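# Coordinate analysis (summary)
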Amino acid sequence: MRRLLRLKAAKKQYKPPQLAEKPIDTEMDYKQAENIEKGMEGNLNDCNYESDRNWVAALQKSVKKLHFGSWEEKEAAAKEMKTLAEEDLTRRKTMVELGVIPPLVAMVGSEVVARQRLAVRALIELANGSFTNKALMVEAGILSKLPKNISLLEETAKQEFAQLLLSISALANSQFSLTSSNIIPFVVSILESSSSIETKESCLTTLHNLSSLLDNAGSLIATGIVDNLITLSSIKETSEKALSTLGNLVVTLAGKKAIERNPMVPERLIEIMTWEEKPKCQELCAYILMILAHQSSLQRRKMAEAGIVQVLLEVALLGSPLAQKRALKILQWFKDERQMRVGPHSGPQVGRILTGSPVNQRDVDEGKIMMKKIVKQSLYKNMETITRRANGDGDSSNLKALVVSSSSKSLPY
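If you look the protein chain up in an unreviewed UniProt entry, it shows as U-box domain-containing protein from Rehmannia glutinosa.

Next up on the list: unusual backbone geometry. Backbone phi values are negative for most residues with the exception of glycine, while trans is the configuration of most peptide bonds. Following valine 265, the chain continues into proline 266 via a peptide bond in cis, with omega recorded as 10°. Mapped onto the secondary structure, proline 266 falls in the loop between helix H16 (253-261) and helix H17 (267-272). Phi is positive for glutamine 295, which is not a glycine, with a value near 55°. Along the chain, glutamine 295 turns up in the loop between helix H18 (279-293) and helix H19 (297-305).

A few words now on the environment of leucine 214. Positionally, leucine 214 belongs in the loop between helix H12 (197-211) and helix H13 (217-222). Distance from leucine 214 to leucine 249, taken between C-alpha atoms, is 7.9 Å for residues 35 residues apart in sequence. Ignoring sequence-local partners within four residues, the contact set of leucine 214 consists of Val251 and Thr252.

Here the focus is helix H9 (residues 131-139). Of all the residues in H9, the buried ones are Asn133, Lys134, Ala135, Met137 and Val138. Packing partners of the buried residues in H9 comprise helix H6 (89-97), helix H7 (101-108), helix H8 (113-127) and helix H10 (155-169). Looking one or two residues beyond H9, the residue adopting positive phi is glycine 141, at roughly 90°.

Take the environment of serine 244 next. Relative to the helices and strands, serine 244 resides in helix H15 (residues 239-249). In this structure serine 244 comes out as buried when scored by relative accessible area, which is 17%. Here the alpha-carbon distance between serine 244 and tyrosine 287, two residues 43 residues apart in the chain, equals 10.0 Å. With residues up to four places along the chain from it excluded, the contact list for serine 244 reads His208 and Leu284. Among the polar contacts made by the side chain of serine 244, one reaches the main-chain carbonyl oxygen of glutamate 240 at a distance of 2.8 Å.

Another aspect to go through is the nonpolar core. What tends to happen in soluble globular proteins is that the nonpolar side chains get buried as a cluster. With 97 residues, the main nonpolar core has Met95, Val100, Leu104, Leu123, Leu126, Ile142 and Leu243 as its most contacted residues. The element that contributes the greatest number of residues to this core is H18, accounting for ten residues. Setting aside residues no more than four positions away along its own chain, isoleucine 142 makes contact with Val105, Val108, Leu123, Met137, Leu164 and Ile168.

Looking now at the pattern of salt bridges. Overall, the coordinates contain seven salt bridges when judged by the stated rule. Residue glutamate 75 pairs with arginine 115 through a salt bridge whose shortest N-O separation is 2.9 Å. Of the two residues, glutamate 75 sits in helix H5 (residues 71-85) while arginine 115 sits in helix H8, which places them 40 residues apart along the sequence. Residue classification places glutamate 75 among the partly exposed residues on the basis of a relative accessible area of 22%. Assessed through its relative accessible area of 12%, arginine 115 is described here as buried. A salt bridge links glutamate 337 to arginine 300; the nearest nitrogen and oxygen atoms lie 3.3 Å apart.

Right, let's talk about the side chain of lysine 158 for a bit. Note that lysine 158 resides in helix H10. We note that lysine 158 is buried and unpaired, the nearest opposite charge coming from glutamate 155 at a distance of 4.6 Å. The residues contacting lysine 158, other than those within four sequence positions of it, are Ile150, Leu153, Ile190, Ser193, Ser194 and Thr199.

Right, let's get into the environment of serine 167. Turning to its location among the elements, serine 167 is positioned in helix H10. Spatially, the C-alpha atoms of serine 167 and phenylalanine 131 are 9.3 Å apart, while their sequence positions differ by 36 residues. Filtering out sequence-adjacent residues up to four positions away, serine 167 remains in contact with Ala127 and Lys134.

Moving on, we come to the packing of aromatic side chains. Two descriptors summarise a pair of aromatic rings, namely the distance from one centre to the other and the angle between the planes of the rings. A full pass over the atoms with the stated rule returns one aromatic pair. Here the aromatic rings of phenylalanine 161 and phenylalanine 186 are separated by 5.7 Å at their centres, their planes lie at 70°, and the arrangement is edge-to-face. Linking phenylalanine 161 in helix H10 with phenylalanine 186 in helix H11 (residues 183-193), this pair joins segments that are 25 residues apart in sequence. For lysine 236, the ring lying beneath its charged end belongs to tryptophan 275, and the centroid distance is 5.2 Å.

Each pair of packed helices can be summarised by the angle the axes make with each other and by the distance between the axes. The N-to-C vectors of H5 and H8 enclose an angle of 25°; their axes lie 8 Å apart at closest approach. On the basis of the axis angle, H5 is roughly parallel to H8. As for the relative orientation of H5 and H8, their crossing is left-handed in sense. Counting all contacts with H5, which are made through Trp71, Glu75, Ala78, Lys79, Lys82 and Ala85, the residues of H8 involved are Arg115, Leu118, Arg121, Ala122, Glu125 and Leu126. Residues that form the contact of H5 with H8 fall into these classes: six nonpolar, no polar and six charged.

Scoring rules and cut-offs
For every chain, the first residue of the written sequence is number 1, and numbering continues from 1 along that sequence. A pLDDT threshold of at least 70 governs which residues receive local features in this predicted model, and a stricter bar of 80 or more applies before side-chain atom pairs are shown or counted, although totals over entire chains, interfaces and linings include all residues. Each side-chain value is worked out from all heavy atoms of the structure, with water and hydrogens disregarded. Where helices and strands are cited, they refer to DSSP runs of H or I of at least four residues and of E of at least two residues respectively, numbered from the N terminus. For this analysis, residues touch if any pair of their heavy atoms sits within 4.5 Å. Buried, partly exposed and exposed residues are distinguished by accessible area as a fraction of the type maximum, computed with a 1.4 Å probe on protein chains only: under 20%, between the cut-offs, and over 50%, respectively. What qualifies as a polar contact is a pair of N or O atoms within 3.5 Å, subject to a donor-acceptor requirement within protein and to the restriction that residues adjacent in sequence count only when both atoms come from side chains. The definition of a nonpolar core used throughout is a set of buried Ala, Val, Leu, Ile, Met, Phe, Trp, Tyr and Cys residues joined through side-chain atoms within 4.5 Å. By definition, a salt bridge exists where a carboxyl oxygen of Asp or Glu is found within 4 Å of a side-chain nitrogen of Lys or Arg. When charges are tallied, Lys and Arg are placed among the positive residues and Asp and Glu among the negative ones, while His and the ends of the chain are skipped. Only Phe, Tyr and Trp rings are paired, with Trp represented by its six-membered ring, and only when their centres lie within 6.5 Å; those with planes under 30 degrees apart are stacked, over 60 edge-to-face, the remainder tilted. Comment: the charge-over-ring label is applied if NZ (Lys) or CZ (Arg) is within 6 Å of the ring centre and within 35 degrees of the ring normal. Axes here mean lines fitted to C-alpha atoms, for a helix over just the part in contact, with angles spanning 0 to 180 degrees between N-to-C directions. Working definition: roughly parallel below 35 degrees, roughly antiparallel above 145 degrees, roughly perpendicular at 65 to 115 degrees, and oblique for all remaining angles. Less than a right angle of anticlockwise turn of the near helix away from the far helix marks a crossing as left-handed, whereas a clockwise turn marks it as right-handed. Classification convention: Asp, Glu, Lys, Arg as charged; Ala, Val, Leu, Ile, Met, Phe, Trp, Tyr, Cys, Pro as nonpolar; all other residues, Gly among them, as polar.

This is the structure:
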């Protein structure tokens with residue numbers, strides 16, 4: 001015990017020479033003071049400094065290989081850069097400042113699949129969270145380096161390309177000019193050929209980003225993507241993203257016509273509106289149907305025949321606030337249309353005179369006389385038919401006289 005106490009006393013008296021004379025600044029923050037306290041306890045290694053120095057050295061080595069090495073060295077450098085870029089955004093910015101994007105983009109255009117995929121993986125990490133890096137990739141020609149034959153790609157390769165293009169498509173919502181002539185056909189091809197839900201979701205999000213620009217609507221519709229989107233909207237895992245893209249396209253004339261031509265519309269959209277567990281899908285379907293129904297009696301009739309009124313009533317009662325608002329709007333159109341169509345024929349119209357309308361009394365009297373004749377003829381024929389069926393083809397002159405003499409007494413005018 002005494003020996004232990006002497007060791008503790010010796011530790012208290014010992015001060016490392018490089019820290020013993022160093023005063024603590026009263027204005028430094030808590031972390032800095034804590035670091036010095038740790039150093040006084042004997043931890044003299046600056047791990048952060050060593051780590052930074054190590055990764056900078058590794059980066060310099062990889063950049064040199066990427067620019068001037070053989071293909072094998074370039075592949076190794078791309079793999080190392082993916083690992084380094086995963087750490088944080090600061091490292092990614094530093095790597096881009098050293099000019100790593102152009103050689104990586106060039107590797108994407110390689111015919112060697114393994115080399116191509118290494119470059120794509122590194123670019124995915126470099127694009128993460130950096131608008132500048134994405135723009136530099138486009139300027140380096142990444143869209144022109146995309147594979148021409150999608151069928152040669154494995155499912156994992158399709159997923160990686162879809163992920164990279166999803167990141168780049170975020171530029172569509174900025175002032176950066178993103179040419180869609182190459183990216184749209186490529187993404188649509190992956191969407192149609194891939195069996196992975198995750199890959200399809202990446203493609204759908206990319207198409208949604210691109211469809212947010214009205215200038216891209218024509219290129220998207222020309223690929224025939226509308227029919228695929230309507231099909232994917234019935235799959236609950238991909239429904240929301242597919243409907244979001246359709247919502248962007250339906251506001252254009254070409255997009256609206258393409259949706260109307262699909263044989264599954266409006267039945268498929270009405271069915272999706274019954275998904276109570278998918279409120280966002282209900283909102284998007286209500287939005288699309290609202291645009292289709294606006295100023296189109298043909299579409300409203302098709303919707304009514306498909307049973308939309310009952311579904312709209314349910315959504316108006318149980319849906320989200322936005323879905324309720326849109327459902328009520330469509331219901332109001334159906335109500336107004338019904339009043340316009342049925343209103344003039346509901347109830348007796350004889351004697352109904354609108355205030356301010358010029359009416360000729362002689363025409364009114366002639367109309368009443370004509371109506372009496374029509375009623376008499378109809379009553380006589382009906383009673384004659386009934387009598388003939390009951391008694392054979394006997395003489396019905398007595399019946400005719402009865403009708404002529406008494407029918408006018410039963411009329412209200």
